[in-house]
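Close look at the chain arrangement
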Amino acid sequence: MPGIRIIDFRLDRGQGGSIANDDFEPHDLLAVVTYGKLHIRIGDMPLAATKGDVIYVPAGASCEADKAATAFHEKYVALLSPRANPTGLPLLDDGIARIAKYAPFEWMSDRLRTMHGEWQEGAPYAAVRCEAILLELAAVWSRELQKEPPSPSSLLLTERMKAYIAGHYREKITKDELGAAIGRTPNHAAALFKRSTGQTISEYAHAVRIKTAVYMLKESLLTAGEISEYLGYRDLSYFHRIFKKLTGFPPAHFMNERNPNN
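Let me sum up the structure you'll find in this document.

Rules of the game
Residues numbered from 1 in each chain as written. Predicted model: local features only at pLDDT ≥ 70, side-chain atom pairs only at ≥ 80, totals over all residues. Heavy atoms only, no water. Core = buried A, V, L, I, M, F, W, Y, C linked by side-chain atoms within 4.5 Å. Buried < 20%, exposed > 50% of the residue type's maximum accessible area, 1.4 Å probe, protein only. Helix = DSSP H or I, 4+ residues; strand = E, 2+ residues; numbered from the N terminus. Contact = heavy atoms within 4.5 Å. Phe/Tyr/Trp six-rings, centres within 6.5 Å; stacked < 30°, edge-to-face > 60°. Lys NZ or Arg CZ within 6 Å of the ring centre and 35° of its normal. Salt bridge = Lys/Arg side-chain N within 4 Å of Asp/Glu carboxyl O. Expected span 1.5 Å × (residues − 1). Arc of directions from axis to C-beta. Axes fitted to C-alpha atoms, helices over the stretch in contact; angles between N-to-C directions. Parallel < 35°, antiparallel > 145°, perpendicular 65-115°, else oblique. Left-handed = near helix turned anticlockwise from the far one by under 90°. Pairing = 2+ DSSP bridges.

1. Topic: the nonpolar core
Grouped together as the largest cluster of nonpolar side chains are 29 residues, with contacts concentrated most on Leu30, Met108, Leu134, Leu137 and Trp141. Only strand E1 (6-14), strand E2 (28-42), strand E4 (53-57), strand E6 (73-80), helix H1 (90-93), helix H2 (105-121) and helix H3 (126-145) provide two or more residues apiece to this core. For this core, the leading source of residues is H3, giving eight residues. Discounting chain neighbours no more than four positions away, the residues touching Leu30 are Val54, Ile55, Tyr56, Tyr76, Val77, Ala78, Leu80, Leu134 and Trp141. With 27 residues, the next largest nonpolar core counts Ile201, Leu217, Tyr233 and Ile242 among its residues.

2. Focus on the packing of aromatic side chains
A ring pair, where both rings are aromatic, is described by two values, the distance of the centres and the angle of the planes. For the coordinates displayed, the defined rule picks out seven aromatic pairs. Taking the centre distance of 5.5 Å and the plane angle of 45° together, the rings of Tyr233 and Phe239 count as tilted. Here the two residues Tyr233 and Phe239 agree in accessibility, since each one is buried. Taking 5.6 Å as the distance between ring centres and 75° as the angle between the ring planes, the aromatic pair formed by Phe243 and Phe254 counts as edge-to-face. Here Phe243 is found in helix H9 (residues 236-247), whereas its partner Phe254 is found in helix H10 (residues 251-255), with 11 residues between them in sequence. What makes Phe243 buried here is its relative accessible area of 0%. Judged by relative accessible area, which is 10%, Phe254 ranks as buried. Here a set of aromatic residues connected by ring pairs shows up, and it is made of Tyr233, Tyr238, Phe239, Phe243, Phe249 and Phe254. One Lys or Arg, Arg170, reaches over the ring of Tyr230 and ends 3.8 Å from the middle of that ring.

3. Topic: the pattern of salt bridges
Oppositely charged side chains may form a pair once their charged atoms are brought near each other. Tallied over the entire structure, the rule returns 13 salt bridges. With a closest N to O distance of 2.2 Å, Arg113 and Asp110 form a salt bridge. Note that Arg113 and Asp110 are positioned in helix H2 at a spacing of three residues, about one turn of the helix. Salt bridges sharing common partners tie together Asp8, Arg10, Asp12 and Lys75.

4. With respect to H3
An ideal rise of 1.5 Å per residue puts 28 Å on 20 residues; H3 measures up with 28 Å between its terminal C-alpha atoms. For H3, the complete set of buried residues consists of Ala126, Cys130, Glu131, Ile133, Leu134, Leu135, Leu137, Ala138, Val140, Trp141, Ser142 and Glu144.

5. Remarks on the side chain of Glu131
With respect to the element layout, Glu131 can be found in helix H3. Ignoring any residue separated from it by four or fewer positions in sequence, one finds Glu131 in contact with Ile4, Arg5 and Ile6.

6. Topic: unusual backbone geometry
Negative phi values dominate among residues other than glycine, just as trans dominates among peptide bonds. A positive phi is found at Tyr125, a non-glycine position, where the angle reads about 65°. Structurally, the position occupied by Tyr125 is in the loop between H2 and H3.

7. Details of helix H5 (residues 175-182)
In an α-helix, one full turn covers 3.6 residues, which means residues spaced three or four apart are oriented alike. Looking only at H5, the buried set comprises Leu178, Gly179 and Ile182. One side of H5 carries all its buried residues, which in axial view fall inside an arc of 105°. Those residues of H5 that are buried lie in contact with helix H4 (152-168), helix H6 (186-197) and helix H7 (201-219).

8. Quick word on the environment of Lys244
Mapped onto the fold, Lys244 is located in helix H9. Not counting residues up to four positions away in its chain, the partners in contact with Lys244 are Phe249 and Pro250.

9. Quick look at the packing of H4 against H5
Where H4 contacts H5, the axes come no closer than 9 Å and their chain directions differ by 125°. By the angle between their axes, H4 is oblique relative to H5. Crossing angle aside, the handedness with which H4 passes H5 is right-handed. Each of Leu157, Arg160, Met161, Tyr164 and Ile165 in H4 lies in contact with H5, whose residues at this interface are Glu177, Leu178, Ala181 and Ile182.

10. Quick word on the pairing of strand E7 (residues 98-101)
The alternating pattern of E7 places Arg98 and Ala100 on a buried face, while none of Ile99 and Lys101, on the opposite face, is buried. In the sheet, E4 pairs with E7 via four bridges, with the strands oriented antiparallel. Counterpart to Ile55 in the pairing with E7 is Ile99.

Here's what the structure looks like:
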């Protein structure tokens, strides 16, 4: 079985945050930019990473951030122990430092948030779960390396479907509705959405609802039941199951982070 070992995993926000590798660093570096822009130099080549970009630098390769040029950004950074045996995944095994953009950004962000929550909480077997999540991500990223990039027309249709979901996420959304929204058959719309985002329509809609729920739990005085009802979850226990599945925590965890000024 392929495997990886995580030495450290963190979330950096702001203009700072270390992202450096050199000949003396005994680890691989894997980072995902989820907001803003990060300027780095890999070897002698200056590069810019923006939202959705995955940065991979194998142990021994030179990489450093240009803090003078870097704007405010958010990124997840994982340090991986060098592996004695190959994982079978090109991204981790071919020894090439690279920056690449991957299509399923929302799904990727959800998995990284879950992973970060697990790593911070440090519950039993958290490291095992985090390594499993990161291995899953690396498998998807390696698969994406072998794909042709989606066409501009496909990306445009996908953005139109996302916009429709953003305006109707509190309702039940079907592939028939999305097909009608972009002028395609329901099955074509569902297949295109899955191919472009890495998520089914239902998975994406749940992610949008739960992201909204997290914000409301932190910033409002509404109860979990009131938020559940607002987001279209009539069954509170179902809302709790979906919430825990996507965030790794129960709603009460985020209610404890509420702004005291509210």
